[in-house]
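Commentary on secondary and tertiary structure
Listed below are the residues making up each chain.
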Amino acid sequence: MKVLMINSVSGYGSTGSICVDIATELESYGHECFIAYGQVTKGYKNGFKIGTVAENHLHNIGSRIFGTQGYFTHSGTKKLVSFIKEYNPDIIHLHNLHGNYLNLKILFDYLTEVQKPIVWSLHDCWAFTGKCAHYTDVQCFKWQTHCNNCPQVQNYPPSLLLDRSSTMFDDKKEWFTSIKNMTIIPVSNWLAHEVSKSFLNKFPLIPIYNWVNHEVFKPMLPSDFHSKYQVSPEKFTVLVVSASWGETDVKYQDALLLASLLPTEIQLIMIGKVEEPQLLPHTIKHIDYLHGNSELAKAYSFADVYVHLSTEDTFGKVIAEALSCGTPAIVYDATACPEIIDTNCGYVVEKRNVQQVVESIYKIKENTKAYYATQCRQRVVENFDYTTNIKQTIGVYNTLLQK
C-alpha cells in the first residue's frame, strides 16, 4: 500500500508528529508513505514541499488582505498534483489544509477527477466553517446553515479588513463534498458530533482519538528537574502547559487568577512561551521551553496535578500526556476536554470557573497524587495507545480500498 499524507507541517508540532507516527507505523508493516507539507519539516525522509517559501509568504499576505484562505499558491499546488500523479498513491490522507500553503480549488478539482480513496483527519473545525478553526468561545454556530458576518474576522486565519466567510463557506462546501469515496476521522467524539451537523455529514465518520507514546510519557523517579529549573521539590506542584500564553488569551488570564488564589505552600509552574515573562507575578514559576518529550515527561511526573485551562480543544493531547505520567488532571467542561479523563483520574469543572479549579486542587492534595496515578496511566493505555489507534487508522485505509 502507498499512502500520501498532506499536512501543513511534517514531524513538527502535534499534527506533524501524528503524520510521522502513521508513516513510521505503515513502514513497519512494509507499506510506503510520503508526507506532502507546506511549511516545516523535521525528521521524516519521504517529504514533498508544497510551494516555495516566497509562495507561502505571498499566500499569507493575500489571505490577510483579501480575507481568503486557500486561494493562492497556484504553482506549488499544480506541482503537488503532478507529484501525486507520478507517485500514484493508493490512499490520500488529508490533515490540516489551512496554513497558507495550498490552493484548495486546484487540489480538490484533481481529487474529484481522479476519485482516489480519501481519508481526512480533522484536528480542528476549519474544514466545515467559512473561516474559523474554533467557534465555541464566541458561541457562533452559523456554520450549521451558512456562514456570514464572521465575529472572528481578525482571528486565525487572520483577515485585516474583508469578511469573506460567506464565499469561503460556499466554496468549501462545493469543493469538499465533490469527493465520492472519503471517510472523515474526527479526533474526538465531541468533534464527530459537530461534524455530523455540518455539510460534511454526507461522509462516513469514524472517530479515532489521537495517541500518546506511553513508553516515553511515563512516571519518572525524582530527577534533576527541581534543581535545573529552580523549583521546590517539597511543595505541592500545580502544572499548566501551552505552546504559548498570549496576554489576551482566556487561559493566560485564568492562569493569573489561579496563581492569585493559591496559597504559598502550593507552587504553580507555567510552561510555554510568554510575550512578556517579566510581567508574570512571582507566584508563577515560568519555564519558557522544554527540549524534547522526555524533558516534558519529567515535568508532568514532577507535578502533583496538571490543570488544563484551554477552552477550545478537539482532543487535548497534553492532558493525555500528563495522565500517562501518572499525574491527575483538572479540565474545563468545554469541547473535547472532558472525554480525556474520567472520575478516577481527575476532575471536570465549569468552564472558566477558577474557584472550582482551586477546590479540585485541594481534593487532589488531600487524596495525594498516588491515589490517582494507576488509574491515570490505565486511562491512557486503554484509550490513547499509540499502536492501537494508529492500527485503527490503517484499518480505515483497508476498508476504503476494499470498496
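On a predicted model such as this, the values are computed, not experimentally measured, just so you know.

With respect to topology, six strands assemble into an open sheet ordered β9-β8-β7-β10-β11-β12, the strand pairing being parallel. On the outer flanks of this sheet lie β9 (284-287) and β12 (346-349), each paired with one strand and no other. Along the sheet, successive strands turn relative to each other by an average axial angle of 20°, direction set aside. Pairing geometry for strand β7 (residues 236-245) and strand β8 (residues 266-274), over eight bridges, is parallel. When the sheet's bridge partners are listed, Leu239 is paired in β8 with Ile269.

The next thing to look at is the pairing of strand β6 (residues 182-186). Among the five residues that make up β6, five are buried, leaving the element largely enclosed by the rest of the structure. Going residue by residue along β6, you find Met182, Ile184 and Pro186 tucked away on one face and Thr183 and Ile185 tucked away on the opposite face as well. Here strand β5 (residues 118-122) runs beside β6; their pairing, made up of five bridges, is parallel. Looking at β6, one finds that Val119 is bridged to Thr183.

This paragraph deals with helix α4 (residues 104-114). Buried residues of α4: Leu104, Ile106, Leu107, Phe108, Tyr110 and Leu111, and no others. Those residues of α4 hidden inside the fold are in contact with β1 (2-10), α3 (74-87), β4 (91-94), β5 and α5 (165-176). Residue Asn103 occupies the N-cap position of α4, its side-chain oxygen lying 3.3 Å from the main-chain nitrogen of Lys105. Where α4 terminates, the next one or two residues include Gln115, which has phi positive at roughly 55°.

About the cut-offs
The residue numbering used here restarts from 1 in each chain and proceeds along that chain's sequence as written. Selection of residues for local features in this predicted model requires a pLDDT of at least 70, selection of side-chain atom pairs for listing and counting requires 80 or more, and totals for whole chains, interfaces and linings are taken over all residues. Side-chain measures were taken over the full set of non-hydrogen atoms in the model, leaving aside hydrogen atoms and water. Strands are treated as partners if at least two bridges between them are detected by DSSP. Think of it this way: any DSSP run of H or I at least four residues long counts as a helix, any run of E at least two long counts as a strand, and we number them from the N terminus. Think of each axis as a best-fit line through the C-alpha atoms, taken over the contacting stretch in the case of a helix, with angles from 0 to 180 degrees between the N-to-C directions. Under the scheme applied here, a residue whose accessible area is under 20% of the maximum for its type counts as buried, over 50% as exposed, and between as partly exposed, the area being computed with a 1.4 Å probe on protein chains only. Throughout, a residue-residue contact means that at least one pair of heavy atoms, one from each residue, lies within 4.5 Å. Residues adjacent in sequence count toward polar contacts only when both atoms are side-chain atoms; beyond that, a polar contact is any pair of N or O atoms within 3.5 Å, and within protein one must be able to donate a hydrogen and the other to accept it.

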